[in-house]
Amino acid sequence: MATKTTESYDLVIVESPAKAKTIEGFLGKGFVVKSSFGHIRDLKKSNQAIDIEHNYEPQYEIPADKHAVVAELKKLAKGANAVWLASDEDREGEAISWHLAEVLGLDVKTTKRIVFHEITKSAITEAIKNPRTIDMNLVDAQQARRVLDRLVGFELSPVLWRKIKPSLSAGRVQSVALRVLVEREREIFAFKPTCSFQTVANFNIAGANAPLKAELNRRFNTNAEARAFLELCAAKSFAVSAVETKPVTRTPAPPFTTSTLQQEASRKLGFSVSRTMSVAQRLYEAGYITYMRTDSVNLAAAAIAQISDYVTSELGDNYLKVRQYKTKSKGAQEAHEAIRPTYISKRSLPDVENDEQRLYQLIWQRAVASQMQDAKFERTNIKIDATSSEYFSSTAEVLLFDGFMKVYMESSDDEDEDDAVAMLPSVAVGQSLDLVDISSRERWQQHPPRYNEATLVRKLEELGIGRPSTYAPTISTIQQRDYVVRESRDGEKREYTLLHLSKGNISEEKKAEIFGAEKSKLFPTDMGMLVNDFLIDHFSNIVSYDFTAKVEEQFDDIAEGALGWQRVIDDFYKPFHVVVNDTMEHSDKSNGERNLGVDPTSGKPVIVRVGRFGPMAQIGNNDDSEEKPRFASLRKDQHLETITLEEALKLFELPRNIGQFEGKDVVIGVGKFGPFVRHDGKFVSLKKGVDDPYTIDLPTAITRIEDKRVADAQKLIKEFEQDAELKVLNGRWGPYIAYGKENVRLPKTIKAEELSFEECMEYVNKQLKAAPASKKTASKTVSKSTAKSTGKTAAKTEKKSTSTAAKKTTAKSKAVSKK
């Protein structure tokens, strides 16, 4: 509904309601601030959205859910003295302002456009004093990206539907991100680890009883070499052969860009890329930080002055070092500021959610640390000769001046990094050492690390692919399409050898370790790898790193007015369209089929491929007239490229009928959510890491069934005769009401076991009344149920009548549509 106002006013249009509320408080009387709720226009959904024949003219439309917003803005704009367009300062924001001007009938050449890096009273006031007009170069750069991505998606996706599987899709930047992940996964597949023996000695400084730990400067390739070295050391005396001390300094990291914020929030807070951007958006709109989509490390002079004042007053002059950082990233966009707090005096925020508080602290610490002195250390290295070419060494650092580290220390992506700092005792060259023991431990090389979301962002940035506004949606899209999964995986157990020298005796023992565990990593699926291979074979430009980076640079040139956007589209589209037609006509279908060998029982071929329901193994041929082929789905942790014949044949051992319990079959299988036991029509999950579906016996399966019955009995708190669908249950976070598909949380103060039928239905109705419009019909149903003792019958009658009415309405709308 439009805002009623009889007074003279100027209209300011921003993107979000939260920002509108904050800015209206700054501007005060004489201004009405309204939100466009993001874009009010977009390309038409059909493939006629771009008029290729008329110089790639985009065809825009106002989505149905924006009609009311547009109507209100038109009414307010018509009565305003002036309209100020205040969408975000990047290309996307510039495009939103242009669309607003077009839809509201404003003159693009004269309408006032204001931009600001932060939502503070001073920044908004300054922006109002210095308006500009809409920058059509920035608009054209955004249009070029949008048009190019639409052309790629609409032309490439049908090729994938026909050649691989229906409903697939492809995108320009997303396909390159997928390629990065697939190439790393194949590096890991091909990796053959080698083992070596790492040797570490523990000494005591003679006469001082001070421990000293040191590592040998080489690793041994075999057990025999390591043992021979220990035998040599058993009778040897040791002394300090060299001591080297030198000063070391560490400098602070620059303030955050979008990319570095995403990476550090992942490392320190465990945030996904999209979660980081969502939290940062809320902080920005509340006026707590500067704009969060930026590739600049620059700080405004006023911000540096604020930080300088804080550092000198709170920490002292000796901690201050003013620094001006320069942006190095290739193709950096408009001259934004780095991400920083708007008010340095706010060390923490009042009345915000935990996520906002934690991310703000990170931004505050990084910005303040960037203007502080280097940290100073003294690094000492002690060398202890073992042979003429082999020696033990021990290194440690002593902190002399903490500098910026008093406030902040950047994290690392090195998964093996040991943050513990050893303290070395004071020693002199020639000082005698008593050998306590030496251990030589078998270790394996690690495969190249898989990417998590943050390290993938860093890789894309290094390649010059994508921009601050595209990283998060790119990574979200490849996951939504099931080309990539983000998950943690348990490691595997393996044995290693440990040789130990103590008191002249050498012992050898076998120990176990867990290796290969992954936490929140990105794994390409078989479908993702299949799509990637098809694109590389037929559309090499689309997934070329250099080509994609070059297109990003062309977008930058368009934004600077150095290049016409239609020319960029034309240079890309004409050869691309030829390849699309050629691939559609002449390429073969692709399903990733791989022949593993022959089934020893039937003599039929065993293959793996991507089928209608995902990766699968198959015994026999489709054209076999005598016997139909048998199929089995691959497990979650198996790949088409690495599965062996033996592993594939094992898949056909399930489901297994392992006997009967209470007169009914007990069947073991593997489903979407992992291994299970099925009994009497019910499914019970097997214990992860304990139960093997291929070897589990009947007594163990019965135990799992009975354990589940006990857990289910404890879960049920109360049920009601009036309606069997209504239950009060014990959940992971406490008691709740379950009614049909609705789950209703209960206040902690409520005694769930004492709730009456009427009280439960009151809670259910209260939740449904607050639900979206799509659930209002269900709300009527529940009300009916409460009104009668035969509530279930009434509810069914209501549902049926509602359903019938809905069908009639749908039929009518279709008839009108056809007319």
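Keep in mind it's a predicted model, so treat the numbers as computed, not measured. (Residues numbered from 1 in each chain as written. Predicted model: local features only at pLDDT ≥ 70, side-chain atom pairs only at ≥ 80, totals over all residues. Heavy atoms only, no water.)

Trainee: Can you walk me through the overall build of the protein in this structure?
Mentor: Check the secondary structure of the protein and you find 21 helices and 31 strands. Expressed as lengths along the three principal axes of its C-alpha atoms, the size of the protein is roughly 100 × 85 × 70 Å. Residue burial in the protein is summarised as follows: out of 819 residues, 46% are buried. Across the protein, every contact between residues at least 6 apart in sequence was considered, and the portion connecting residues at least 24 apart equals 68%. Surface accessibility of the protein: about 42900 Å² in total, with carbon and sulfur atoms responsible for 49%. Across the protein, the centroid of the 120 positively charged side chains sits 6 Å from that of the 117 negatively charged ones. (Helix = DSSP H or I, 4+ residues; strand = E, 2+ residues; numbered from the N terminus. Buried < 20%, exposed > 50% of the residue type's maximum accessible area, 1.4 Å probe, protein only. Contact = heavy atoms within 4.5 Å. Areas by Shrake-Rupley, 256 points an atom, 1.4 Å probe, with all protein chains shown as cover. Lys, Arg positive; Asp, Glu negative; His and termini not counted. Charge placed at Lys NZ, Arg CZ, Asp CG, Glu CD.)

Trainee: Would you take a moment to explain the nonpolar core for this structure?
Mentor: If you look at soluble globular proteins, the nonpolar side chains tend to sit buried side by side. With 143 residues, the main nonpolar core has Phe116, Leu160, Ile289, Leu359, Val368, Leu456 and Phe539 as its most contacted residues. In terms of residue count, helix H5 (residues 136-163) provides more of this core than any other element does, ten residues in total. Once you skip the residues sitting within four places of it in the chain, Ile289 turns out to touch Ala280, Leu283, Tyr284, Ile339, Arg340, Pro341, Thr342, Tyr360 and Ile363. By size, the runner-up hydrophobic cluster in this structure holds 26 residues, among which are Ala80, Ile96, Leu104 and Leu106. (Core = buried A, V, L, I, M, F, W, Y, C linked by side-chain atoms within 4.5 Å.)

Trainee: Quick question: what am I supposed to make of the packing of helix H8 (residues 258-269) against helix H11 (residues 354-369) here?
Mentor: How two helices pack is summed up by the angle between their axes together with the distance between the axes. Contact geometry of H8 with H11 gives a least axis separation of 11 Å together with a crossing angle of 120 degrees. Taken together, the axes of H8 and H11 are oblique relative to one another. Our pair here, H8 against H11, has a crossing hand that is right-handed. In this structure, H8 contributes Thr260, Leu261, Glu264, Ala265, Lys268 and Leu269 to the contact, and H11 contributes Arg358, Leu359, Leu362, Ile363 and Arg366. (Axes fitted to C-alpha atoms, helices over the stretch in contact; angles between N-to-C directions. Parallel < 35°, antiparallel > 145°, perpendicular 65-115°, else oblique. Left-handed = near helix turned anticlockwise from the far one by under 90°.)

Trainee: What's the story with the packing of aromatic side chains in this structure? I'm lost.
Mentor: Given two aromatic rings, their pairing is described by the distance between the two centres and the angle made by the two planes. Summed over the entire model, instances satisfying the criterion amount to 16 aromatic pairs. Centre to centre, the rings of Phe203 and Phe392 are 5.8 Å apart; their planes meet at 80 degrees, and the pair counts as edge-to-face. Here Phe203 is found in strand E9 (residues 195-205), whereas its partner Phe392 is found in strand E14 (residues 391-401), with 189 residues between them in sequence. Judged by its relative accessible area of 1%, Phe203 falls in the buried class. (Phe/Tyr/Trp six-rings, centres within 6.5 Å; stacked < 30°, edge-to-face > 60°.)

Trainee: Help me understand the sheet that holds strand E28 (residues 716-719) in this model?
Mentor: Consider a sheet: its strands pair through backbone hydrogen bonds, and that pairing is either parallel or antiparallel. Read from one edge of the open sheet, four strands run E28-E29-E30-E31, paired in antiparallel fashion. Here the strands that pair on one side only, and so sit at the sheet edges, are E28 and strand E31 (742-745). Sheet twist, expressed as the average angle between the axes of neighbouring strands with direction ignored, equals 25 degrees. Strands in contact with helix H18 (residues 698-715) are E28, strand E29 (726-731) and strand E30 (734-739); relative to E28, the strand with the most contacts, it is inclined by about 55 degrees. Helix-sheet contacts for helix H19 (residues 757-769) involve E29, E30 and E31, and the interaxial angle to E31 is about 105 degrees. (Pairing = 2+ DSSP bridges.)

Trainee: Explain the packing of helix H12 (residues 453-463) against helix H13 (residues 471-480) here, please?
Mentor: Between H12 and H13, the shortest axis-to-axis distance is 11 Å and the interhelical angle comes to 120 degrees. Accordingly, the angle class assigned to the pair H12 and H13 is oblique. When you trace H12 past H13, the crossing you get is right-handed. Touching Glu453, Leu456, Val457, Leu460 and Glu461 of H12 are Tyr471, Ile475, Ile478 and Gln479, all from H13. Taken together, the residues that form the contact of H12 with H13 break down as six nonpolar, one polar and two charged. (Nonpolar A, V, L, I, M, F, W, Y, C, P; charged D, E, K, R; others polar.)

Trainee: What should I look at first to understand H18 in this one?
Mentor: Because each turn of an α-helix spans 3.6 residues, side chains separated by three or four positions end up pointing in the same direction. Taking 1.5 Å of rise per residue, the 18 residues of H18 would be expected to cover 26 Å, and the 26 Å separating its terminal C-alpha atoms lies within 8% of that figure. Ala701, Ile702, Arg704 and Ile705 are the residues of H18 that are buried. Looking straight down H18, one finds its buried side chains confined to an arc of 155 degrees; they lie on one side. Exposed and facing more than 90 degrees away from the buried side of H18 are Pro699, Ala713 and Gln714. Summarising the contacts, the buried residues of H18 are in contact with strand E24 (656-661), strand E25 (664-671), strand E26 (674-679) and strand E27 (682-685). (Expected span 1.5 Å × (residues − 1). Arc of directions from axis to C-beta.)

Trainee: Help me understand the sheet that holds strand E20 (residues 594-598), please; the structure alone is not making it clear to me.
Mentor: A sheet is described by the order of its strands in space; here four strands give the open sequence E20-E21-E22-E23, paired in antiparallel fashion. The open sheet is flanked by E20 and strand E23 (630-633), the only strands paired with a single partner. Mean inter-strand twist for the sheet, computed between neighbouring axes without regard to direction, equals 25 degrees.

Trainee: Please clarify how the environment of Thr455 should be interpreted in this entry.
Mentor: Tracing the backbone through its elements, the reader meets Thr455 in helix H12. Thr455 gets classed as buried once you look at its relative accessible area, which sits at 11%. For Thr455 and Ser266, which are 189 residues apart along the polypeptide, the C-alpha to C-alpha distance reads 9.1 Å.

Trainee: Would you mind going over the pattern of salt bridges with me for this structure?
Mentor: Once their charged atoms are close, side chains differing in charge can pair, the charge on each being opposite to the other. For the structure on display, the rule yields 41 salt bridges. Across the pair Glu552 and Arg145 runs a salt bridge whose closest N-O atoms are separated by 2.7 Å. Here Glu552 is found in helix H15 (residues 545-559), whereas its partner Arg145 is found in helix H5, with 407 residues between them in sequence. When sorted by exposure, Glu552 lands in the same class as Arg145, which is buried. (Salt bridge = Lys/Arg side-chain N within 4 Å of Asp/Glu carboxyl O.)

Trainee: Whenever I open this one, the side chain of Thr342 confuses me. Can you help?
Mentor: Tracing the backbone through its elements, the reader meets Thr342 in the loop between helix H10 (301-314) and H11. Overall, the relative accessible area of 2% leaves Thr342 in the buried class. Within the local environment of Thr342, its side chain forms a polar contact with the backbone oxygen of Gly287, the two atoms lying 2.7 Å apart. (Polar contact = N/O pair within 3.5 Å; in protein donor to acceptor, adjacent residues only side chain to side chain.)

Trainee: Help me understand the pairing of strand E10 (residues 210-216), please; the structure alone is not making it clear to me.
Mentor: The side chains of a regular strand alternate, residue by residue, between the two faces of the sheet. Relative to E10, E9 is paired through six bridges, and the arrangement is antiparallel. Counterpart to Ala201 in the pairing with E10 is Ala214. Where E9 folds back on E10, the antiparallel hairpin that results is connected by four residues, among which Gly207 adopts a positive phi of roughly 85 degrees. With two bridges joining them, E10 and E14 adopt antiparallel strand pairing. Looking at the pairing, Glu215 lines up with Ser393 of E14.

Trainee: Looking at this structure, I do not really get the confidence of the model for the protein. What am I missing?
Mentor: Any region with low pLDDT has predicted coordinates that should not be read closely. Looking at the protein, pLDDT values average 88 and 91% of them are 70 or higher. The low-confidence segment residues 773-819, where pLDDT is below 50, has 37 contacts with residues more than four positions distant or belonging to other chains. (pLDDT = per-residue confidence, 0-100.)

Trainee: Which parts of the structure should I look at to understand the side chain of Ser308?
Mentor: Position of Ser308 among the secondary structure elements: in helix H10. When residues no more than four places from it in sequence are discounted, the contact partners of Ser308 are Leu320 and Val322.

Trainee: Which parts of the structure should I look at to understand helix H4 (residues 121-129)?
Mentor: Listing the buried residues of H4 in full gives Ala123, Ile124, Ala127 and Ile128. With its buried residues spanning 135 degrees around the axis, H4 presents them on a single face. For H4, the exposed residues set more than 90 degrees away from the buried face come down to Ser122 and Lys129. Where H4 is buried, its residues meet helix H1 (17-27), strand E2 (31-35) and strand E7 (83-85).

Trainee: Hey, could you run me through unusual backbone geometry in this one?
Mentor: Comment: phi is negative for the bulk of residues other than glycine, and the bulk of peptide bonds are trans. Residue Pro655 follows Leu654 across a cis peptide bond; omega there is 0 degrees. As for its position among the elements, Pro655 is in the loop between helix H17 (645-651) and E24. Even without being glycine, Asp680 reaches a positive phi, approximately 55 degrees. Turning to its location among the elements, Asp680 is positioned in the loop between E26 and E27. When its relative accessible area of 45% is taken as the criterion, Asp680 is described as partly exposed.

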